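# Survey of secondary and tertiary structure
Spelled out, the chains give:
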Amino acid sequence: MREAILKDKHRVVDIISQAFDQNNSVNYVVKQDKKRKLRIALLIEYCFYQGIQFGKVLISEDERAACILVFPWLKKTTVSSILWDAKLIFKVIGLGRVGDVLKRERLLKANHPGEPFYHLWYIGVDPEYQNSGIGSKLLEEVLQTYNDKTVYLETSVFSNLKFYKKFDFEVVETIDLGYNLYVLKKAR
């Protein structure tokens, strides 16, 4: 695994966008219209920039898997972050969905601790290479490197729970948003 840099943006966005194309949680956030796939890519681009600015974006050496890890204690409001948020609202979510998405974010944050933690925002594998162990290897490397704080993540895919439990994550909350969103943590 290596730290992604700006020139890796397209590959990281491509991997995660494809991996999350049918994901309930992602599709809850993005406006559902003929531009849905573009909106998903723009959402992941937003997350990529957040990861670069306030955490780490990591990519496997073979560039078939990637993850976005955010360090919430580093997040702050900047001119850039305001511009990213505006683009997210107008090009991804749509004004009519902002209230629902903000409610979702409040529910998620209610399950996060007051002390610093790592937020594993996204981890994905290029669909051509899924179920080959690449995602497991990347997650293992991430957890070995970032092991001094609790790690939180969310998934809306029930079958992913078994995968994350192999890495000692536990479900701490299930949020009903018309689909189940599972909040998981791995204590340090």
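As a reminder, the structure under discussion sits directly above these lines.
Residues numbered from 1 in each chain as written. Predicted model: local features only at pLDDT ≥ 70, side-chain atom pairs only at ≥ 80, totals over all residues. Heavy atoms only, no water.

Broken down by element type, the protein carries 7 helices and 7 strands. Each helix and strand of the protein, placed in order from N terminus to C terminus, yields the pattern β-α-α-α-β-β-α-α-β-α-β-α-β-β. A principal-axis box enclosing the C-alpha atoms of the protein has dimensions of 40 × 35 × 35 Å. Looking at the protein as a whole, 47% of its 188 residues are labelled buried. The contacts of the protein with a sequence gap of at least 6 include a subset with a gap of at least 24, amounting to 71%. Entry remark: accessible area of the protein is about 10000 Å², with carbon and sulfur atoms responsible for 51%. In the protein, the 29 positive side-chain charges and the 23 negative ones have mean positions that sit 5 Å from each other. (Helix = DSSP H or I, 4+ residues; strand = E, 2+ residues; numbered from the N terminus. Buried < 20%, exposed > 50% of the residue type's maximum accessible area, 1.4 Å probe, protein only. Contact = heavy atoms within 4.5 Å. Areas by Shrake-Rupley, 256 points an atom, 1.4 Å probe, with all protein chains shown as cover. Lys, Arg positive; Asp, Glu negative; His and termini not counted. Charge placed at Lys NZ, Arg CZ, Asp CG, Glu CD.)

This part covers a positive patch on the surface. Residues K31, K34, K35 and K91 make up a contiguous surface patch of positive charge. A relative accessible area of 46% places K91 in the partly exposed class. (Patch = residues over 30% accessible without salt bridge, like charges linked within 9 Å, V, L, I, M, F, W, Y side chains within 5 Å. Salt bridge = Lys/Arg side-chain N within 4 Å of Asp/Glu carboxyl O.)

We note that N131 has phi near 65°; this positive angle belongs to a residue other than glycine. On the secondary structure map, N131 appears in the loop between strand 4 (118-125) and helix 6 (134-145). With a relative accessible area of 85%, N131 lands in the exposed category. Its identity is not glycine, yet D168 carries a phi of approximately 70°, on the positive side. Summarising the element assignment, D168 is placed in the loop between helix 7 (160-165) and strand 6 (170-176). Residue class for D168 comes out exposed when judged on its relative accessible area of 56%.

With that settled, the discussion passes to the packing of helix 1 (residues 9-19) against helix 3 (residues 36-54). Helix 3 packs onto helix 1 with a crossing angle of 125° between their chain directions and a minimal axis gap of 9 Å. Compared by their axis directions, helix 1 and helix 3 come out oblique. In terms of crossing hand, the pair formed by helix 1 and helix 3 is right-handed. Contacts between helix 1 and helix 3 involve K9, V12, V13, I16 and S17 from the first element and I40, A41, I44, E45, F48 and Y49 from the second. In terms of residue class, the contact of helix 1 with helix 3 is built from 8 nonpolar, 1 polar and 2 charged. (Axes fitted to C-alpha atoms, helices over the stretch in contact; angles between N-to-C directions. Parallel < 35°, antiparallel > 145°, perpendicular 65-115°, else oblique. Left-handed = near helix turned anticlockwise from the far one by under 90°. Nonpolar A, V, L, I, M, F, W, Y, C, P; charged D, E, K, R; others polar.)

A few words on the pattern of salt bridges. Tallied over the full model, the rule gives 14 salt bridges. Between D8 and R2 there is a salt bridge, with its nearest N and O atoms 2.8 Å apart. On the basis of relative accessible area, D8 is assigned to the buried category, the value being 3%. The class of R2 is partly exposed, set by a relative accessible area of 24%.

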